[in-house]
Each structure stands twice: as structure tokens, then as C-alpha cells.
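Residue-level structural notes
Each chain, written out:
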Amino acid sequence: MTDLTHVIDQSKPSIARVYDYLLDGKDNFAVDRAIGDHFKNNLPGSVAIAFTNRQALVRAVRDIARDGVRQFIDLGSGLPTADNVHQVAHRYAPDARVVYVDNDPIVLAHGRALLATDAGTTVFQADLRDPQSIREHSEVAHMIDFDQPVAVIFSAILHHLNDDEDPTAVVRYWSEQLAPGSLVYISHFRAGGNRETAVAEEKLQSTFGRGRWRTDQEIEALFGDLEILDPGIVPCAHWRPDLAPVDEAAPDRALSVWEQLIVTGLARKA
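Residues numbered from 1 in each chain as written. Predicted model: local features only at pLDDT ≥ 70, side-chain atom pairs only at ≥ 80, totals over all residues. Heavy atoms only, no water.

On to the pattern of salt bridges. With the rule as written, the count across this model stands at 14 salt bridges. A salt bridge links Arg70 to Asp95; the nearest nitrogen and oxygen atoms lie 3.3 Å apart. Highlighted residues: Arg70 in the loop between helix H3 (48–66) and strand E1 (71–75) and Asp95 in the loop between helix H4 (85–92) and strand E2 (97–102), separated in sequence by 25 residues. Of the charged contacts, one joins Arg212 and Glu218 as a salt bridge, the two residues approaching to 2.9 Å between their closest N and O atoms. A relative accessible area of 30% places Glu218 in the partly exposed class. (Salt bridge = Lys/Arg side-chain N within 4 Å of Asp/Glu carboxyl O. Helix = DSSP H or I, 4+ residues; strand = E, 2+ residues; numbered from the N terminus. Buried < 20%, exposed > 50% of the residue type's maximum accessible area, 1.4 Å probe, protein only.)

Inspection of every chain in the model, using the stated rule, returns four aromatic pairs. The ring centre of Tyr21 lies 4.0 Å from the NZ or CZ of Lys40, which sits over that ring. Its guanidinium or amino end placed over the ring of Phe146, Arg135 lies 3.8 Å from that ring's centre, counting from NZ or CZ. (Phe/Tyr/Trp six-rings, centres within 6.5 Å; stacked < 30°, edge-to-face > 60°. Lys NZ or Arg CZ within 6 Å of the ring centre and 35° of its normal.)

With that out of the way, let us pick up the confidence of the model for the protein. When pLDDT is averaged across the protein, the result is 88; 93% of the residues are at 70 or more. Counted against residues more than four places away or in other chains, residues 1–6, with its pLDDT under 50, gives 12 contacts. Below pLDDT 50 for its whole length, residues 244–249 participates in eight contacts with residues either more than four positions away or in separate chains. (pLDDT = per-residue confidence, 0-100. Contact = heavy atoms within 4.5 Å.)

Moving on, we get to helix H9 (residues 195–208). Between the first and last C-alpha of H9 there are 20 Å, a value that for 14 residues agrees with the 20 Å anticipated at 1.5 Å per step. Residues of H9 that are buried include every one of Thr197, Ala200, Glu201, Leu204 and Phe208, and no others. Projected down its long axis, H9 carries its buried residues within an arc of 100°, all on one side. Buried residues along H9 sit in contact with helix H1 (15–22), helix H2 (30–42) and strand E5 (183–189). Positive backbone phi, approximately 70°, marks Gly209, located one or two places after H9. (Expected span 1.5 Å × (residues − 1). Arc of directions from axis to C-beta.)

Right, let's talk about the pairing of E1 for a bit. Taking burial as the measure, the five residues of E1 include five buried ones, the bulk of the element. Taking every second residue as pointing to the same face, both faces of E1 are buried, with Gln71, Ile73 and Leu75 on one and Phe72 and Asp74 on the other. Alignment of E1 against E2, held across five bridges, turns out to be parallel. Counterpart to Gln71 in the pairing with E2 is Arg97. Handedness of the β-α-β unit built from E1, H4 and E2 comes out right-handed. Inspection of the sheet shows E1 paired to strand E4 (residues 151–155) by three bridges, in the parallel sense. (Pairing = 2+ DSSP bridges. Right-handed = clockwise from strand over helix to strand, strands pointing away.)

On to the packing of H2 against H9, then. Between H2 and H9, the least distance of the axes is 12 Å, while the angle of their chain directions is 170°. Classed by the angle they form, the pair H2 and H9 counts as roughly antiparallel. Within the contact between the two elements, H2 uses Ile35, His38 and Phe39 and H9 uses Ala200, Lys203, Leu204 and Thr207. Across the contact of H2 with H9, the residue classes tally to four nonpolar, two polar and one charged. (Axes fitted to C-alpha atoms, helices over the stretch in contact; angles between N-to-C directions. Parallel < 35°, antiparallel > 145°, perpendicular 65-115°, else oblique. Nonpolar A, V, L, I, M, F, W, Y, C, P; charged D, E, K, R; others polar.)

Moving on: the pairing of E2. Burial analysis of E2 places five of its six residues in the buried class, the great majority of the element. Of the strand pairs in this sheet, E2 and strand E3 (residues 121–125) are connected by five bridges, and their pairing is parallel. Counted as the bridge partner of Asp102 is Gln125 from E3.

Counting through the fold element by element, Tyr185 comes out in strand E5. A C-alpha to C-alpha distance of 19 Å links Tyr185 and Val123, two positions 62 residues apart in sequence. Excluding its chain neighbours within four sequence positions, the residues that come into contact with Tyr185 are Asn53, Ala56, Leu57, Ala60, Val152, Ile153, Phe154, Ser155, Thr264, Gly265 and Leu266. Within polar-contact distance, the side chain of Tyr185 engages the backbone nitrogen of Leu57 at 3.5 Å. (Polar contact = N/O pair within 3.5 Å; in protein donor to acceptor, adjacent residues only side chain to side chain.)

In the contact formed by H3 and H4, the axes pass within 9 Å of each other and the chain directions differ by 35°. As for the relative orientation of H3 and H4, their crossing is right-handed in sense. Between H3, through Arg54, Leu57, Val58, Val61, Arg62, Ala65 and Arg66, and H4, the contact on the second element is made entirely by Val85, Val88, Ala89 and Tyr92. Partitioning the contact of H3 with H4 into residue classes produces eight nonpolar, no polar and three charged. (Left-handed = near helix turned anticlockwise from the far one by under 90°.)

Okay, here's the thing in C-alpha cells:
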């Protein structure tokens, strides 16, 4: 697959590669497809979680760029797919700079290949749970001016942190680094109090040995003192939907139980 294949453990599933498979990507192994097939075959409709999350991220990056923010840090970025953050940002702001961070070596390999000729975008391997090391990384120092507004993206990643890893503190660290006018985007699995939630959460925890789906109140608390922008924290499919495409959810459309299990919000630092 890449020149890093020899250092990648193909016997264990990867969060990034399972997401890639669910999004119809090709950068995954049999062990990842086995987990993805469990969701596709045993939990019909659950794949909508991955797609509705990705569509909301695309809309968020679009709106952030339209608001004039020109710097993005995507934490837990995952494998490249259609409409990556830098591609959407550059569509509306060609001078945007994007830093991708992930702890999976295959993300690093594919990201470097994709971005080899893109001077405004970079990718490096690091652990979300150590935000200071990311903040002090040479690639961040080269690409990001923290005296100017920055958008920090946590797309479907904080629910993979256990409570004792303190995801609230991770978000707070970045909030404290940011200049006024900066934005923080979070999407997160939502505890639904139903069978679908329990079964899906148990599968992910038994597979990866970590993670927790959180209540609406717990997800809101992740933003700390930041100002949550309209429409608040809502299911991804209802977050600033486009009305023209037939596959987008109109605000009044009833969502499936799966679409209700991934929510998102965007907040600004005053």
C-alpha cells in the first residue's frame, strides 16, 4: 500500500482505516473491513453515521473559510478521502493553510503522498492526548500564526478518548492557545439511550479498547467557555444543511436513529 506498510500492524484494526472503509475508501486491511462489515451487515443503516459526519465537516470548513479564517488544524484527521479539509478550504480561500495530525502511520504516508506538491498543507504523526507536543511541533510553528484566528477541528475523534484521558482538557488547551475570533469544531457520538447506541458503542469499545459516547450535556461541556454558534449542538445532518442536493437533510426531515447518534457544533473564542 505504501512505503510504511512494513511498520503498520495489519493484525489490529485501525480507527482511521475502519472509517476509511465505511466511507468506501481503499486504504484498509482485512481486519478493518471485518469491523466495517459488522456495522454494514449487522447494524443496517449505521454507515450513515460516517457519511453524515463527513458532510457536516465539509459544510463547517466551507463556512469557516467564508468567515475569513485562513488557518486550520485538523486533529485526528484520518485517511484522505473526497473533499478533504484542505480541498474544501482552498475552494473558498486559496491561501488557507492546513495542518493534519493523526497517530496512525498509514495516515502519515498517504497524507504526504497527497500533499507532496501543496505548500499550504502539511501532515505529521502525533498523539491527540499530548496537545503541547503538537503545539510545539516544527510543522505547526512553520504553518500556523497563533496571533491570528485558527480553526481547530475535532471531527469524530474525542469520543475515542476515555474520561480519564480528559477530552475536555484537550479542547481547553487548544482554546487557550487561540486568538480571539478563532473557531473550534467538534463532532461526537451521542449517547442515545437506545439499543442501537448500546450495541454500536459496545462494538467499538471491544474492538479498540477505548472510547465513550457522551450525552448532549457532556458534549456541550467539551466547548468550555467558547460561544457555541447557531444552530447549536445538533445532529450532523441538521447542522447548516444545504437545501439543494437531494441527499442533504432538510431541517425538518425526520432522521434515522443512526443519523441522530452523531452530533456537531461550532464555537468561537471571543
